[in-house]
2 protein chains.
Amino acid sequence: MRIGELSRRTGVPVPTIKYYLREGLLPAGELTSPNQASYGEGHERRLRLVRALLEVGGLSVAAIGEVLAAVDDKDGPVHELLGAAATRLVPEFGDGGRGGGREADSRAGGDGGGAPDAETVLARDRVARLIEARGWRIEPGNKAAEALVAALASLARVGHGGFVDLLDDYAEAAERVGRTDLDYVARRVAREDLVEAVVVGTVLGDAVFAALRRMAQVDASAQMFGEEAPRA
Amino acid sequence: MRIGELSRRTGVPVPTIKYYLREGLLPAGELTSPNQASYGEGHERRLRLVRALLEVGGLSVAAIGEVLAAVDDKDGPVHELLGAAATRLVPEFGDGGRGGGREADSRAGGDGGGAPDAETVLARDRVARLIEARGWRIEPGNKAAEALVAALASLARVGHGGFVDLLDDYAEAAERVGRTDLDYVARRVAREDLVEAVVVGTVLGDAVFAALRRMAQVDASAQMFGEEAPRA
DNA sequence: CATGAATGGATAGCGATGCTGTCCGCTATC
DNA sequence: GATAGCGGACAGCATCGCTATCCATTCATG
């Protein structure tokens, strides 16, 4: 298959595919002539994956590049591989995914740098206690944990420090979902499939859960405030 | 307080604050002279909220504008208000939140437009059955439900149609979290606080849950693959 | 084997986004 | 009255995700 058909099948414009090739999101096609390449089903699959991570997952092109590099990296123990893949998916959500890298000038940001503020210290302590209480085997400095710290600190700064009271419920639900995820992932046999499942499950799973949470909220809100039936 | 102190307190550069003022994310300060304004605690609070939605929530400036308009809108029944606020928070996650608005040229996108593809049709059906089974009171065409449809269709397209098997578990967890959220929200008395709680809870709650899910996955993965203790 | 469309590859440009920098005339404060 | 900061307007900038243009080559078709 040549680039035109790849484009037709996936709905992605040819110049965009070329762009992804340049950025390394898509491996080069097999050259049949000095300037003629052919693409296979793997390319199509990969391309769809890229689009899904972009459109549904909200990852940046650069982030997708890193993640896919991890997917294609065939070394290391499985657990670490999964951890690496999952870890790389965090920051996109941790800092909003847009723009990026301006941390030096936000004194109240309280994230990485030098002098953590009061909210961050408290949040870090709370997270540590949560991990302890749950018995989670998480290495200190884990990026997801750091993202959680940042989110909690942010909540506190916004005057919603009370939100931490919900943490246990959230954690309970997350644990359930996390187990489910792992079961799903564990069905894979080939290592590459496995890592891909982690990526897909993590990124699109976030979107799925977020949507479900909104729906559940709407229902809960209907129950609580709109005693009359909805206008359906 | 003048703009300089507002900047010092929040860590947001003065020109950025001016920019937010221009964009309507922040109400104008009270003019004490033709060219001298003073800002209060409300401004500081609002500014922190804006930054949190931007950095942790990943919302665009434009989206924040709309959401804040909803927060400040004091009419309409509570339930609808909540729905409106929550609804406005969906698309950011549904399409990745970046760039945006290019749906006409992606034939395989399967979202809004004219001819929904097979994956979308199946996903829509699955979602309808889920809502039915759960007894959720959700109006047809709800944006969160549409986002879920899009995410499931995307999963199918990527070859992870099997992911739908996890839906019930996800929904169960989401329901739990949704109830928790509503309890939290219901503590508010003033209507404005209430809507703000919805916004904060929804947006930052996503970040919190996503982080917790990653952590739970790491733990589950450790249990499953790394029988030896982690290198802590 | 001539012709037109498509290809691979390279480079430049575009539109949106989230700021940032500069300038102005004014004001508050010392 | 000097100096710092202010509000307001507007132009500019860096990043991102494409998109457009160009070129020589190759393929499909008659």
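Below: a short report on this structure. Everything numeric here is computed off the predicted structure, so don't read it as measured data.

1. Side note on the relation of the copies chain A and chain B
Consideration 1: It takes a turn of 180° to lay chain A on chain B, together with a shift of 0.0 Å along the axis; the resulting RMSD is 0.1 Å. Expressed as a symmetry operation, the mapping of one chain copy onto the other fits a two-fold axis. Measuring from the rotation axis to each C-alpha of chain A, the shortest distance belongs to A173 of chain A, at 2.4 Å.
Consideration 2: Comparing interface residues between copies, 100% of those in chain A also sit at the interface in chain B, which points to an isologous, same-surface contact.

2. What to know about the pattern of salt bridges
Consideration 1: Summed over all chains, the structure comprises 35 salt bridges over all chains.
Consideration 2: Between R9 of chain A and E5 of chain A there is a salt bridge, with its nearest N and O atoms 3.1 Å apart. Residue R9 of chain A and its partner E5 of chain A are located together in helix 1 (residues 3-10), separated by four residues, close to a single helical turn.
Consideration 3: Between R9 of chain B and E44 of chain B there is a salt bridge whose closest N-O contact spans 2.9 Å. In this pair, R9 of chain B is assigned in helix 1 (residues 3-10) and E44 of chain B in helix 3 (residues 41-55), connecting sequence segments 35 residues apart.
Consideration 4: Look at E44 of chain B and you get buried, because its relative accessible area is 10%.
Consideration 5: Shared partners join several salt bridges into a network, and the residues in it are E5, R9, E44 and R48 of chain A.

3. Points about the side chain of D181 of chain B
Consideration 1: Its location among the elements puts D181 of chain B in helix 9 (residues 167-186).
Consideration 2: The contacts of D181 of chain B, once residues within four sequence positions are left out, are L166, Y170, R213 and Q217 of chain A.

4. A few points about the protein's contact with DNA strand C
Consideration 1: Taken together, the neighbourhood of DNA strand C is formed by 25 residues, with I3 and G4 of chain A together with T16, S33 and N35 of chain B sitting nearest.
Consideration 2: When the atoms of DNA strand C within 4 Å of the protein are sorted by group, sugar and phosphate make up 69%.
Consideration 3: Here a phosphate oxygen of DNA strand C and a backbone polar atom of A37 of chain A are 3.0 Å apart.
Consideration 4: Those elements that place two or more of their residues in the surface near DNA strand C are helix 1, helix 2 (14-23) and strand 2 (36-38) of chain A together with helix 2 (14-23) and helix 3 of chain B.
Consideration 5: With five residues, the top contributor of residues to the surface near DNA strand C is helix 2 of chain B.
Consideration 6: When grouped by side-chain class, the residues that make up the surface near DNA strand C number eleven nonpolar, seven polar and seven charged.

5. Section: helix 8 (residues 143-157) of chain A
Consideration 1: Its 15 residues give helix 8 of chain A an end-to-end C-alpha distance of 21 Å, which sits within 8% of 21 Å, the value for a rise of 1.5 Å per residue.
Consideration 2: For helix 8 of chain A, the buried fraction is high: eleven of the 15 residues fall into the buried class.
Consideration 3: Residues of helix 8 of chain A that are buried make contact with helix 7 (118-134) and helix 9 (167-186) of chain A together with helix 3 and helix 10 (191-225) of chain B.
Consideration 4: The residue sitting at the N-terminus of helix 8 of chain A and contributing the capping side-chain oxygen is N142 of chain A; that oxygen lies 2.7 Å from the backbone nitrogen of A144 of chain A.
Consideration 5: A positive backbone phi angle near 90° is found at G159 of chain A, which sits one or two residues after helix 8 of chain A.

6. With respect to the packing of aromatic side chains
Consideration 1: Using the criterion set out here, one finds nine aromatic pairs over all chains in the structure.
Consideration 2: Note on Y184 of chain A and F163 of chain B: the rings are 5.3 Å apart at their centroids and 80° apart in plane angle, and the pair reads as edge-to-face. On the criterion of chain membership, the pair formed by Y184 of chain A in helix 9 and F163 of chain B in the loop between helix 8 (143-157) and helix 9 is interchain, its members lying in two chains. Like Y184 of chain A, the residue F163 of chain B is buried in the burial classification.
Consideration 3: Chaining the aromatic ring pairs together yields one cluster made of F163, Y170, Y184 and F209 of chain A together with F163, Y170, Y184 and F209 of chain B.
Consideration 4: R188 of chain A extends its terminal NZ or CZ atom over the ring of Y184 of chain A, reaching a point 4.5 Å from the ring centre.

7. Describing the protein's contact with DNA strand D
Consideration 1: Around DNA strand D sit 26 residues in total, of which S33, N35 and L54 of chain A together with I3 and G4 of chain B are the nearest.
Consideration 2: Considering the 4 Å shell around the protein, atoms of DNA strand D inside it are sugar or phosphate in 75% of instances.
Consideration 3: Between DNA strand D and Y20 of chain A, the relevant distance is 3.0 Å, taken from a phosphate oxygen to a side-chain nitrogen or oxygen of the residue.
Consideration 4: Contact between DNA strand D and R22 of chain B: a base nitrogen at 3.5 Å from a side-chain N or O atom of the residue.
Consideration 5: If you list the elements that add at least two residues to the surface near DNA strand D, you get helix 2 of chain A together with helix 1, helix 2 and strand 2 (36-38) of chain B.

8. So, the environment of M1 of chain B
All names here are of chain B.
Consideration 1: Within the secondary structure, M1 is located in the segment before helix 1.
Consideration 2: Measuring from C-alpha to C-alpha, the distance between M1 and H43 comes to 9.7 Å, with 42 residues separating the pair along the chain.
Consideration 3: Excluding residues that lie within four positions of it along the chain, M1 makes contacts with L6, R9, A37, S38, Y39, G40, E41 and E44.

What counts as what
- Residues numbered from 1 in each chain as written.
- Chains lettered and ligands numbered in written order.
- Predicted model: local features only at pLDDT ≥ 70, side-chain atom pairs only at ≥ 80, totals over all residues.
- Heavy atoms only, no water.
- Least-squares fit on C-alpha atoms with pLDDT ≥ 70 in both.
- Contact = heavy atoms within 4.5 Å.
- Salt bridge = Lys/Arg side-chain N within 4 Å of Asp/Glu carboxyl O.
- Helix = DSSP H or I, 4+ residues; strand = E, 2+ residues; numbered from the N terminus.
- Buried < 20%, exposed > 50% of the residue type's maximum accessible area, 1.4 Å probe, protein only.
- Near = heavy atom within 4 Å.
- Polar contact = N/O pair within 3.5 Å; in protein donor to acceptor, adjacent residues only side chain to side chain.
- Nonpolar A, V, L, I, M, F, W, Y, C, P; charged D, E, K, R; others polar.
- Expected span 1.5 Å × (residues − 1).
- Phe/Tyr/Trp six-rings, centres within 6.5 Å; stacked < 30°, edge-to-face > 60°.
- Lys NZ or Arg CZ within 6 Å of the ring centre and 35° of its normal.

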